[in-house]
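# Residue-level structural notes
Letter by letter, the chains look like this.
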Amino acid sequence: MTPLVRSDATGGSVDAVPGPASLPATGPAARPTDLASPPTRRVDLRLAPAALVSWAAAWALTGPMLGWARTVAVGAVLAAAVAGAVVVAVRPARRAPAAPWRSRSTRGSEATATGADRRRQGGARSAGLHVVVALACLAAVSLGVHAQVARQAPLRSMVAQGAHAELVGRVVSEPRPAVFGDGERWQVAVRHMTARGIASSVAGIVEVTAAGPAPRFGANVAVSGVLRPVGSGDGPLARLTAVGPVAERAPPAALLRATHTMRSSLLDVTDPLSAQARGLVPGVAVGDTSRVPEAVDEAMRATSLTHVTAVSGGHFAIVVAALTALCALARAPRALRVGVVAVVAAGFVLLVRPEPSVLRAAWTCAAALLALALGRPSSGPPALAAAATVLVVVDPWLARSYGFVLSCVATAGLVLLAGPLARRLAPWTGRPLGFALAVPWAAQAACGPVLLLLDPHVPLMSVPANLLATPALVPATVLGLVATLLAPWAPGAALPVAWLAGLATGWMAAVAQALAAMPGARLPWPAGPLGVVALALLTVAVLALVLRRPPGAGWRREWREAAPRAVRRVRRQVRRAAARHGRGRTAAVAGLAGTALLAVLVVAVPRLAGAGHQVPGDWQVAACDVGQGDSLAVRTGPASAVVVDVGPDGEAAGRCLDELGVATVELLVLSHFHADHVGGLAAVLRGRTVTAALVSPLDEPAGQAERARSQLAAAGVPVRTAAAGDGGAAGTATWQVLAARGGPPGTGSAATGGGDEGDGANDASVALELRTAGGLEVVALGDLEEGGQDALAADLAASGRAADVDVVKMAHHGSRSQSAALARHLSPRVTLVSVGADNTYGHPTDDALDLYASAGSALVRTDECGTAALVRRGDEIGLACG
């Protein structure tokens, strides 16, 4: 999720609700509608075509398309840009008032003729200029992409060959937990590479995973290891697991060292505070979310409140507003004000780190400051368009960054929609409340279709959550930044300031958790391009209906003429209620009507989305109905999961993950390479981000193993062979390999009815233990046969691990080859049996079912239940069948 943006700090870049406007002069030409709707300033969209063509061209040129496809895409972008530029340039302008010294008839005809000629000539010149600017932006983006690809070529070549390389570059990200093991991962901007005896200058971002503490942001380091490919997008070009220690060649610059000290000191100061304050105060102040509690993080994602810790325009707005107020109190001249704001904004970028959304806000602020320094009026749309264009030309891969795109569209929604929506709401709610409602509504309307690509749900609590929680963002940010500045030099003074900031963040956390727990907080929506288009069309239709015309005499007349009789009857009752009880009752009636419409959507849209969307919004574990095969999903975030196996060939596993809302697979585990466990890999990889894969140590059957590894390599997924004891974190979940034995072929249990096919693959299955953020302990056994299960039971008994777990995925679809010792040790509360209806193997056998039932386990079969989703409600485990 990506964040809603409260407002944008661009020195006036957010076009807020204007103050009282001067009414037009009364007289013969004045009309009642003129008095009812004061004129509004025309939105300046002259730079919008250039920004859009830059983004679209960058997106097309940096994607994984063939040469001819790129040519077609760029041609379509160019045609659309030219058309858009012409439309923007020649849209009708307002007619100038007639000269007062001529007769009305004469001056009207002359003004009309000369005005029309001037508009035609000006429109043609403007259209030509807009087309030239759009073409220049397209050429600049194209040249930028080709230049950067040329510098990346040596690095890409070594990545394709899987070469061992030594990289030298600068650390450009804060560390995150490693996918495998206990290390950390961070990104380095590579400048020099030595591989296979050849040294070269290169450019590119590589994600490094290394044991031990990560180097500081901005440090120059040298690291060596084997280069691995990744998927396309805005992320790194390659991944590398460090071999040996990471050498720091040069420390960060002095300013970066100072910011690192402030960030680490803030963490030390907030350490004694409550759990939410320990995580949210650094998150709100400097964007450090490493300590945000999992429950709070999920609640904030469900209510679209993650923008409070995703530093962007809202934080810039608060910082710039505070500085502007201080400069005004000091009566500083304009030049000094601009200089102070520019310097502090640059320092703020270094403090919170130059993430895509931060860069967008900073450059928008810079454009507004430039206009202010030149004495020109500052407007939001031109500043945003200029900033987006410059950033995409400099780094075309930003066009594929969700953070950058969400920041841009959220700001565009604010500057284009917040003011008009506030004016529509003001007659019913008053100006302050109308604007408070309009801001999150505008941002959500703009971001909604993009957010569906990350999570196929519509957050219905977004607007009320932001209405209630966002006012606390200002004191939380200001106090958090004050605590950050004080922490290195006066930690005793910083602690009470951070504690006060924690009160504000506590309110935000309480709002997020309360609203996220409400029924229907997240409305399931169809995933994929059709769902995005459907939501976009619905949003446009609602906005067009709301903003079509201000409420006046003409609006009432059109309504009376067009509305059906039943609707007119309801409206008459509303008008009578308004006349008797005033505006408040009318607002209440309108609210009830909106609630009724929302209830209809909550009921109807999931049905349109398909039966699979009946999965509970808080599911924790799901056994996908893939027929005679295995596919298990364990949730690690609002739109992410660990996926164990992908079922047989076909779309079943991919469709199940779509219905569960899984857009990111934090860890893909292929327990072994039989077709009923790896056949659906293509469907799972398609349209999803897969961070890493863990596979069986035995490549049998060889053909299927080779095919699966090739598909993973083509998708840029780093692959690791499992070994007992491996473990790590995946989102909000943790995992550990319990068994992964690479026995020789022929050691299986085909003779026992297990169906190992004599290749040893079943007993080479990866057995995995997972723990969810909701507290469920899950064990997946792959297709282990009785011998492999007995060995695992002995290991677990010796170590004391995985005893009395919550959920077990029964081994080998419930074949009769089961270990009584393992069933007794695990003693699961729920046993999931992934099996197809009418299979020819006799799965699941009565012996297997009786064995786990005797251990006190509830049995859930996918051939009877369909996709089985488990939720945890208090101490109870609930089941929903798909």
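Parameters and conventions
Residues numbered from 1 in each chain as written. Predicted model: local features only at pLDDT ≥ 70, side-chain atom pairs only at ≥ 80, totals over all residues. Heavy atoms only, no water. Helix = DSSP H or I, 4+ residues; strand = E, 2+ residues; numbered from the N terminus. Contact = heavy atoms within 4.5 Å. Buried < 20%, exposed > 50% of the residue type's maximum accessible area, 1.4 Å probe, protein only. Pairing = 2+ DSSP bridges. Axes fitted to C-alpha atoms, helices over the stretch in contact; angles between N-to-C directions. Parallel < 35°, antiparallel > 145°, perpendicular 65-115°, else oblique. Left-handed = near helix turned anticlockwise from the far one by under 90°. Patch = residues over 30% accessible without salt bridge, like charges linked within 9 Å, V, L, I, M, F, W, Y side chains within 5 Å. Areas by Shrake-Rupley, 256 points an atom, 1.4 Å probe, with all protein chains shown as cover. Salt bridge = Lys/Arg side-chain N within 4 Å of Asp/Glu carboxyl O. Disulfide = S-S within 2.5 Å. Phe/Tyr/Trp six-rings, centres within 6.5 Å; stacked < 30°, edge-to-face > 60°. Lys NZ or Arg CZ within 6 Å of the ring centre and 35° of its normal. Expected span 1.5 Å × (residues − 1). pLDDT = per-residue confidence, 0-100.

### Topic: the overall build of the protein chain
Secondary structure summary: the protein chain contains 28 helices and 25 strands in total. Within the protein chain, contacts between residues separated by at least 24 positions form 72% of all contacts whose residues are at least 6 apart in sequence.

### Some words on the side chain of His677
Positionally, His677 belongs in helix 22 (residues 675-678). Taking the relative accessible area as the measure of exposure, His677 reaches 0% and is therefore buried. Not counting residues up to four positions away in its chain, the partners in contact with His677 are Asp630, Asp645, Val646, Gly647, Leu670, Ser671, His672, Asp783 and His813.

### Quick word on the sheet that holds strand 21 (residues 807-809)
One open sheet holds the seven strands; their spatial order is 17-18-19-20-21-22-23, and the pairing between them is mixed. Edge positions in the sheet fall to strand 17 (727-730) and strand 23 (858-861), since each has one partner strand and no second. On average, each strand axis in the sheet is inclined to that of its neighbour by 20°, with strand direction left out of account. Bridging between strand 18 (residues 733-739) and strand 19 (residues 767-771) involves five bridges; their strand directions are antiparallel.

### Points about unusual backbone geometry
Glycine aside, residues mostly have negative phi, and peptide bonds are mostly found in the trans state. In this model, Glu700 is joined to Pro701 through a cis peptide bond whose omega is -10°. Mapped onto the secondary structure, Pro701 falls in the loop between strand 15 (693-695) and helix 24 (702-714). Of the consecutive residues His843 and Pro844, the connecting peptide bond is found in the cis state with omega at -10°. Position of Pro844 among the secondary structure elements: in the loop between strand 22 (830-833) and helix 27 (846-854). In this structure, Ser304 takes a positive phi of about 55° despite not being glycine. Among the secondary structure elements, Ser304 is positioned in the loop between helix 7 (294-302) and helix 8 (313-329). Despite not being glycine, Ser827 has its phi angle at roughly 40°, a positive value. Mapping Ser827 onto the fold places it in the loop between helix 26 (820-826) and strand 22.

### Topic: the packing of helix 14 (residues 462-469) against helix 16 (residues 491-516)
Taken N-terminus to C-terminus, the directions of helix 14 and helix 16 make an angle of 160°; their axes are 9 Å apart at the nearest point. The angle between helix 14 and helix 16 falls in the class roughly antiparallel. Considering the relative orientation of helix 14 and helix 16, their crossing is right-handed. When helix 14 is examined against helix 16, the residues Pro464, Ala465, Leu468 and Ala469 are found in contact with a partner set consisting of Trp507, Met508, Val511 and Leu515.

### Concerning a nonpolar patch on the surface
Together, Trp363, Val390 and Val394 make up a nonpolar patch on the protein surface, roughly 270 Å² of accessible area in all. In this structure, Val394 sits in helix 11 (residues 380-394). A residue is classified by how much of its surface remains accessible, and Val394, at 58% relative accessible area, is exposed.

### A short note on the state of the cysteines
Under the definition given, this model contains two disulfides. Paired through a disulfide, Cys624 and Cys656 show a sulfur-sulfur distance of 2.0 Å. Handedness of the Cys624-Cys656 disulfide follows from its S-S torsion of about -75°: it is left-handed. Of this pair, Cys624 sits in the loop between strand 10 (621-623) and strand 11 (632-637) while Cys656 sits in helix 21 (residues 652-660), and the two are 32 residues apart along the sequence. Each member of the pair, Cys624 as well as Cys656, carries the same accessibility label: buried. Put simply, Cys865 and Cys881 are joined by a disulfide, and their sulfur atoms are 1.9 Å apart. Disulfide Cys865-Cys881: torsion about the S-S bond near -110°, hence left-handed.

### Considering the packing of aromatic side chains
Any pair of aromatic rings gets described here by the distance separating the centres and the angle formed by the planes. Throughout the structure, instances matching the rule amount to one aromatic pair. On the basis of an interplanar angle of 80° and a centroid distance of 5.2 Å, the ring pair of Phe316 and Phe348 is categorised as edge-to-face. Of this pair, Phe316 sits in helix 8 while Phe348 sits in helix 9 (residues 334-352), and the two are 32 residues apart along the sequence. The two residues Phe316 and Phe348 agree in class, both being buried. Across the ring face of Trp59, the terminal group of Arg400 is positioned such that the distance to the ring centre comes to 4.4 Å.

### Quick notes on helix 10 (residues 356-373)
In this model, helix 10 (18 residues) spans 26 Å end to end at C-alpha, consistent with the 26 Å of a helix rising 1.5 Å per residue. Within the span of helix 10, buried status applies to Ser357, Val358, Arg360, Ala361, Ala362, Thr364, Cys365, Ala368, Leu369 and Ala371. In this structure, the buried residues of helix 10 make contact with helix 8, helix 9, helix 11 and helix 12 (402-429). Downstream of helix 10 by one or two residues, Gly375 has phi in the positive range, about 75°.

### Re the pairing of strand 5 (residues 220-229)
Alignment of strand 1 (residues 164-171) against strand 5, held across seven bridges, turns out to be antiparallel. Within strand 5, the residue paired with Ala165 across the bridge is Gly225. Bridge analysis of strand 5 against strand 7 (residues 247-250) gives three bridges, and the strand direction is antiparallel. Residue pairing across strands places Asn220 opposite Ala250, the latter belonging to strand 7. In terms of strand pairing, strand 5 meets strand 6 (residues 238-242) through five bridges, oriented antiparallel. If you follow Gly225 over to strand 6, its bridge partner there is Ala242.

### Remarks on the pattern of salt bridges
With the rule as written, the count across this model stands at 23 salt bridges. Between Asp658 and Arg688 there is a salt bridge whose closest N-O contact spans 2.8 Å. Of the two residues, Asp658 is situated in helix 21 and Arg688 in the loop between helix 23 (681-685) and strand 14 (689-690); the sequence distance between them amounts to 30 residues. Residue Asp658 is classed as partly exposed on the basis of its relative accessible area of 33%. What makes Arg688 buried here is its relative accessible area of 11%. When salt bridges with common partners are traced through the structure, they connect Arg176, Arg185, Glu207 and Arg239 into a single cluster.

### What to know about the confidence of the model for the protein chain
Mean pLDDT for the protein chain: 78, with 76% of residues reaching 70 or above. Per-element averaging of pLDDT across the protein chain places helix 1 (residues 32-36) at the bottom with 33 and strand 12 (residues 640-644) at the top with 94. This model gives residues 1-40 a pLDDT under 50, and the stretch forms 92 contacts once residues within four places in sequence are excluded. Every residue in residues 744-756 is under pLDDT 50, and counting partners more than four places away or in other chains gives 39 contacts.

### Focus on helix 2 (residues 48-61)
End to end, helix 2 covers 20 Å across 14 residues, agreeing with the expected 20 Å (1.5 Å per residue, within 8%). Burial in helix 2 covers these residues: Pro49, Ala50, Ala51, Val53, Ser54, Ala56, Ala57, Ala58, Ala60 and Leu61.

### Looking at the environment of Val415
Along the chain, Val415 falls in helix 12. C-alpha separation for the pair Val415 and Leu384, spaced 31 residues apart in sequence, amounts to 9.2 Å.

### Topic: the environment of Pro491
Topologically, Pro491 is positioned in helix 16. For the pair formed by Pro491 and Ser265, sequence separation is 226 residues and the distance between their alpha carbons is 7.9 Å. Setting aside anything within four residues of it in sequence, one finds Pro491 in contact with Val269 and Leu486.

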